[in-house]
Amino acid sequence: ACKEGLRLLEERKLTFQAQEAAWRQELHEQMAERDRVEQLNQRRRQAILAEHRREVERIIDDRRARIEDEQHHRKLELLRRQQEEEKEKQIIDAERSRLLQ
């Protein structure tokens, strides 16, 4: 059960990376439309695009950090459950041995 959970976490990570690239492009397009970048002079246009890149990267970094934190907590929870299952198994095995003696 825990190995399956860890595998699912890894799959979610790969899916997230693919979604992140698409989201990055969408954010750039939204910001360009908002500021009507096409109508600005070249210098101003480059400055706004650079600002957009910084803002997109900040947003994505924040989102990535939040998701990585959530995944880390899920992984810790899975490991904790695995340890609990192992302890329960040891207790059951010890009790079984005691009863069989």
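Summary of the structure given here. (Residues numbered from 1 in each chain as written. Predicted model: local features only at pLDDT ≥ 70, side-chain atom pairs only at ≥ 80, totals over all residues. Heavy atoms only, no water.)

Within the protein, the secondary structure is distributed over 2 helices and 0 strands. In terms of C-alpha radius of gyration, the protein reaches 25 Å, well past the compact-globule figure of 13 Å for 101 residues. Each principal axis of the C-alpha distribution contributes one length, and for the protein these read about 90 × 15 × 15 Å. Counting all 101 residues of the protein, 18% fall into the buried class. The contacts of the protein with a sequence gap of at least 6 include a subset with a gap of at least 24, amounting to 74%. (Helix = DSSP H or I, 4+ residues; strand = E, 2+ residues; numbered from the N terminus. Rg over C-alpha atoms; globule rule 2.2 N^0.38 Å. Buried < 20%, exposed > 50% of the residue type's maximum accessible area, 1.4 Å probe, protein only. Contact = heavy atoms within 4.5 Å.)

So, about the pattern of salt bridges. Within this structure, the stated rule accounts for 10 salt bridges. Of the charged contacts in the structure, one is a salt bridge between Glu84 and Arg80, with a shortest N-O distance of 2.1 Å. Placement of both Glu84 and Arg80 in helix H2 (residues 42-100) is noted, with a separation of 4 residues, approximately one turn of the helix. Residues Lys89 and Asp93 are paired through a salt bridge, measuring 3.6 Å at the closest nitrogen-oxygen approach. Residue Lys89 and its partner Asp93 are both found in helix H2; the two are separated by 4 residues, about one turn of the helix. On the accessibility criterion, Lys89 (46% relative accessible area) is partly exposed. By relative accessible area, which is 31% here, Asp93 ends up partly exposed. One continuous salt-bridge network, built from bridges that share partners, spans Glu77, Arg80, Arg81 and Glu84. (Salt bridge = Lys/Arg side-chain N within 4 Å of Asp/Glu carboxyl O.)

Moving on, we get to the packing of aromatic side chains. For any pair of aromatic rings, the description consists of the separation of the ring centres together with the inter-plane angle of the planes. Per the stated rule, a full pass over the model turns up 0 aromatic pairs. Positioned above the aromatic ring of Trp23 is the side chain of Arg63, whose terminal nitrogen or guanidinium carbon lies 4.6 Å from the ring centre. (Phe/Tyr/Trp six-rings, centres within 6.5 Å; stacked < 30°, edge-to-face > 60°. Lys NZ or Arg CZ within 6 Å of the ring centre and 35° of its normal.)

Quick look at H2 now. Across its 59 residues, H2 extends 85 Å between first and last C-alpha, which sits within 8% of the 87 Å expected from 1.5 Å per residue. For H2, the full list of buried residues reads Ile48, Ala50, His52, Val56, Ile60, Arg63, Ile67, Gln71 and Leu78. (Expected span 1.5 Å × (residues − 1).)

What follows covers the layout of surface pockets. As a volume, the largest pocket reaches approximately 150 Å³. Together, Leu6, Leu9, Glu10, Lys13, Gln71, His72 and Lys75 line the largest pocket. Among the elements of the structure, helix H1 (2-35) and H2 are those that each provide at least two residues to the lining of the largest pocket. Per-class residue counts for the lining of the largest pocket are 2 nonpolar, 2 polar and 3 charged. (1 Å grid on protein atoms, 1.4 Å probe; cavity = no way out; pocket = protein on both sides within 12 Å on 5 of 7 lines; lining within 4 Å. Points joined across faces, edges and corners; volume = space filled by probe spheres on them. Nonpolar A, V, L, I, M, F, W, Y, C, P; charged D, E, K, R; others polar.)

Honestly, that's just the spatial picture; any functional story needs more than this.
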